[in-house]
Number of protein chains: 2
Amino acid sequence: MRKKTRDHIVMAADRLFYERGYEHTSFADIAAEVAISRGNFYHHFKTKDEILEAVIAVRLTDRAIMLGRWEAEVASPLERVMRFVKILIVNQSKIKQHGCPVGTLCTELSKLDHAQQDGANGIMDLFRQWLTRQFRNMGRERDADDLAMHVLMRSQGIAVLANTYRDDTFVRREVELAEAWLRSELATSTTV
Amino acid sequence: MRKKTRDHIVMAADRLFYERGYEHTSFADIAAEVAISRGNFYHHFKTKDEILEAVIAVRLTDRAIMLGRWEAEVASPLERVMRFVKILIVNQSKIKQHGCPVGTLCTELSKLDHAQQDGANGIMDLFRQWLTRQFRNMGRERDADDLAMHVLMRSQGIAVLANTYRDDTFVRREVELAEAWLRSELATSTTV
DNA sequence: ATTACATTAGGACAAGTGTCCCAAAAAAGG
DNA sequence: CCTTTTTTGGGACACTTGTCCTAATGTAAT
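Since the model is a prediction, treat every value here as computed from it, not as a measurement. (Residues numbered from 1 in each chain as written. Chains lettered and ligands numbered in written order. Predicted model: local features only at pLDDT ≥ 70, side-chain atom pairs only at ≥ 80, totals over all residues. Heavy atoms only, no water.)

Student: I keep staring at the overall build of chain A and nothing clicks. Help me out?
Tutor: Across its full length, chain A carries 10 helices and zero strands. Reading the secondary structure of chain A in the N-to-C direction produces α-α-α-α-α-α-α-α-α-α. In terms of overall dimensions, chain A has C-alpha extents of about 65 × 35 × 30 Å along its principal axes. Going through the 192 residues of chain A one by one, you find that 53% of them count as buried. Considering only residue pairs separated by 6 or more positions, chain A has 68% of its internal contacts joining residues 24 or more positions apart. Summing over all exposed atoms, chain A offers an accessible surface of approximately 9,100 Å²; the carbon and sulfur share of this is 52%. Computed over 28 positive and 27 negative side-chain charges, the separation of the two mean positions in chain A equals 4 Å. (Helix = DSSP H or I, 4+ residues; strand = E, 2+ residues; numbered from the N terminus. Buried < 20%, exposed > 50% of the residue type's maximum accessible area, 1.4 Å probe, protein only. Contact = heavy atoms within 4.5 Å. Areas by Shrake-Rupley, 256 points an atom, 1.4 Å probe, with all protein chains shown as cover. Lys, Arg positive; Asp, Glu negative; His and termini not counted. Charge placed at Lys NZ, Arg CZ, Asp CG, Glu CD.)

In structure tokens:
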């Protein structure tokens, strides 16, 4: 049980921050979830900011691992970006309920003017840079970052409306539109 | 001063809910902003939910008036939708700081599982229905709602990333892309 | 076994929350 | 003018918040 309790806390906080939002989650909520006392809690994390910091670090690592795995498993950069867009389908039910874990956290911390804003934005940036790399591999050195931002923009927009309307058909349709856009973009790049 | 105090409260709450978020804004914050006592406050609004309800009502009315004005001022449905997309440019600095007033409220209330979720979603729906009407006027009866949702999705996605990265160039570029997409969509509809 | 350290429980703390009451002041109506 | 109603200020309320302390317990190493 060396570091297990700490990990349990971070895992529970990660889930609760996503489901209820950072501010709306209290020490007591997390402690109850892990079934430990507040004193024990304090031994691992002195402030709420520290927990958020740990949660952000875990999320960053998780996503980096996922993206690394995709890079290993999927050969074509185009297919990799497609895989990214398909998260919206794979995680559809969670996103319908609570939105995008990355986007909603960035939005919330922005309103709170929280010190960990840069940390949360860093997760978004991880995706941005990964996408940029994929587009560079497709020979779009010049506008790789613009294309990456466009893909991000679409996924964030879809996530917000998926959460608002909880409409499966909409999500599927927009994912197909995004894929169609991707293909047509790449078609012009190979002809030029 | 018959209803002036009440209006002041709603106006201040409207701004603070937008800038700091609903939950992160307290009775004291609003009261201090309007420079009244909490007792006076309570006379106008018994619960925090009631203020939110009033704020949502005001926002809904404001947006409805704005959309009505656009319908009166701008003849072409295409130009009207363009006008909608251009909000992102006109309100750019606010959106960079605090995101989309509609989208961020829907997102926050979803996390709080708040009773006024439907109210906030109703503002989004006002835009959706207005956009749908414009596309119908362009002769796209069949997929008018899909196109409306696509426009909404783009503006929400742009707003989230504008808030995250605070990048003017990105916003301008994506607005132009949205306008280009609109034109190309309508070109196919007139040829069919 | 004894020392040293890590972990835990339970509670105390001040500050802030939304809610509510009540009496004074102002306004309105006759 | 006097009465009635609306509006206001000031404070009390029960509760939750994040933070912090201390004492007890477990665990590991010498």
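That shown, we press on.
Student: What is the right way to look at the interface of chain B and chain A in this model?
Tutor: Accessible area lost when the parts come together is the quantity often used to give the size of an interface. Every contact between the two is made by 39 residues of chain B and, on the other side, 39 residues of chain A. Of the roughly 3,400 Å² buried between chain B and chain A, counting both surfaces, carbon and sulfur atoms make up 57%. By the criterion of area lost to chain A, the three top residues of chain B are Lys 111, Met 153 and Tyr 165 of chain B, representing 22% of everything that side buries. Across the chain B-chain A interface, the total number found is two salt bridges. A salt bridge links Asp 146 of chain A to Arg 173 of chain B; the nearest nitrogen and oxygen atoms lie 3.2 Å apart. (Buried area = accessible area lost by both parts, 1.4 Å probe. Salt bridge = Lys/Arg side-chain N within 4 Å of Asp/Glu carboxyl O.)

Student: What is the right way to look at the side chain of Glu 174 of chain A in this model?
Tutor: With respect to the helices and strands, Glu 174 of chain A occurs in helix 10 (residues 168-191). As a buried residue without a salt bridge, Glu 174 of chain A has its nearest oppositely charged side chain in Arg 173 of chain A, at a separation of 4.6 Å. Setting aside residues up to four positions removed in sequence, Glu 174 of chain A forms contacts with Ile 158 of chain A together with Met 149, His 150 and Met 153 of chain B.

Student: It is not clear to me how helix 4 (residues 48-73) of chain B should be interpreted in this structure. Could you clarify?
Tutor: Residues separated by three or four positions in an α-helix point in the same direction, a consequence of the helix having 3.6 residues per turn. Residues and elements named next belong to chain B. Here helix 4 is 26 residues long and its end C-alpha atoms lie 37 Å apart, about the 38 Å a rise of 1.5 Å per residue gives. For helix 4, the set of buried residues is Ile 51, Leu 52, Ala 54, Val 55, Ile 56, Arg 59, Arg 63, Met 66, Leu 67 and Trp 70. Against helix 1 (4-20), helix 2 (27-34), helix 3 (38-44), helix 5 (77-90), helix 7 (101-112) and helix 8 (117-137) lie the buried residues of helix 4. (Expected span 1.5 Å × (residues − 1).)

Student: Whenever I open this one, the environment of Ile 95 of chain A confuses me. Can you help?
Tutor: All names here are of chain A. Mapped onto the fold, Ile 95 is located in helix 6 (residues 92-98). The spacing of Ile 95 and Ala 31 is 64 residues in sequence and 25 Å in space, taken between C-alpha atoms. Leave out the neighbours within four places in its chain, and Ile 95 touches Tyr 18, Ile 87, Leu 88, Ala 159, Ala 162 and Asn 163.

Student: Help me out: how do you make sense of the pattern of salt bridges in this one?
Tutor: A pair can form between side chains of opposite charge whenever their charged atoms are brought close. Enumeration according to the criterion identifies 24 salt bridges over all chains in this entry. The partner of Glu 33 of chain B in a salt bridge is Arg 15 of chain B, with the nearest N and O atoms 2.7 Å apart. Placement of Glu 33 of chain B in helix 2 and of Arg 15 of chain B in helix 1 is noted, with a sequence separation of 18 residues between them. Here Glu 73 of chain B makes a salt bridge to Arg 83 of chain B, at a shortest N to O gap of 3.0 Å. Within this pair, whereas Glu 73 of chain B is found in helix 4, its partner Arg 83 of chain B is found in helix 5, the two being separated by 10 residues in sequence. Overlapping salt bridges, with partners in common, bring together Arg 15, Glu 19 and Glu 33 of chain A in one network.

Student: What am I meant to see in helix 7 of chain B here?
Tutor: Residue and element names in this part refer to chain B. Taking 1.5 Å of rise per residue, 12 residues should cover 16 Å, and helix 7 covers 17 Å from first to last C-alpha, within 8% of that figure. Most of helix 7 is tucked away: 12 of the 12 residues are buried. Buried within helix 7 we find Pro 101, Val 102, Gly 103, Thr 104, Leu 105, Cys 106, Thr 107, Glu 108, Leu 109, Ser 110, Lys 111 and Leu 112.

Student: Honestly, the nonpolar core in this entry has me stumped. Any pointers?
Tutor: For soluble globular proteins, nonpolar side chains are generally found buried alongside one another. Counting residues in each nonpolar core, the largest one holds 124 residues, and the members touching the most others are Ile 30, Phe 84 and Phe 135 of chain A together with Ile 30, Phe 84 and Phe 135 of chain B. Not counting chain neighbours up to four residues away, the residues in contact with Phe 135 of chain B comprise Val 81, Arg 140, Ala 144, Leu 147, Ala 148, Val 151 and Leu 182 of chain B. (Core = buried A, V, L, I, M, F, W, Y, C linked by side-chain atoms within 4.5 Å.)

Student: Mind showing me how you'd approach the protein's contact with DNA strand D here?
Tutor: Taken together, the neighbourhood of DNA strand D is formed by 16 residues, with Lys 48 of chain A together with Thr 5, Ser 37, Gly 39 and Asn 40 of chain B sitting nearest. Those atoms of DNA strand D that come within 4 Å of the protein belong to sugar or phosphate at a rate of 60%. Within the side chain of Thr 5 of chain B, a nitrogen or oxygen atom sits 3.0 Å from a phosphate oxygen of DNA strand D. In the environment of DNA strand D, a base nitrogen lies 3.5 Å from a nitrogen or oxygen atom belonging to the side chain of Arg 38 of chain B. With five residues, the single largest contributor to the surface near DNA strand D is helix 3 of chain B. Counted by class, the surface near DNA strand D contains three nonpolar, nine polar and four charged residues. (Near = heavy atom within 4 Å. Polar contact = N/O pair within 3.5 Å; in protein donor to acceptor, adjacent residues only side chain to side chain. Nonpolar A, V, L, I, M, F, W, Y, C, P; charged D, E, K, R; others polar.)

Student: Help me understand the packing of aromatic side chains in this model?
Tutor: In this description, a pair of aromatic rings is defined by centroid distance and the angle of the planes. With the rule as written, the count across this model stands at 10 aromatic pairs over all chains. Ring centres of Phe 17 of chain A and Tyr 22 of chain A lie 5.1 Å apart, and the angle between their planes is 80 degrees; this geometry places the pair in the edge-to-face category. Neither Phe 17 of chain A nor Tyr 22 of chain A differs from the other in exposure class; each is buried. Taken together, a centroid distance of 6.4 Å and an interplanar angle of 55 degrees make the contact between Phe 41 of chain B and Phe 45 of chain B tilted. Joined through ring pairs, the aromatic side chains of Phe 27, Phe 41 and Phe 45 of chain A make up one cluster. A cation sits over an aromatic face here: Arg 128 of chain A above Tyr 165 of chain B, 4.4 Å from the ring centre. Lying across the ring of Tyr 42 of chain B, Lys 46 of chain B places its NZ or CZ 4.6 Å from the centre. (Phe/Tyr/Trp six-rings, centres within 6.5 Å; stacked < 30°, edge-to-face > 60°. Lys NZ or Arg CZ within 6 Å of the ring centre and 35° of its normal.)

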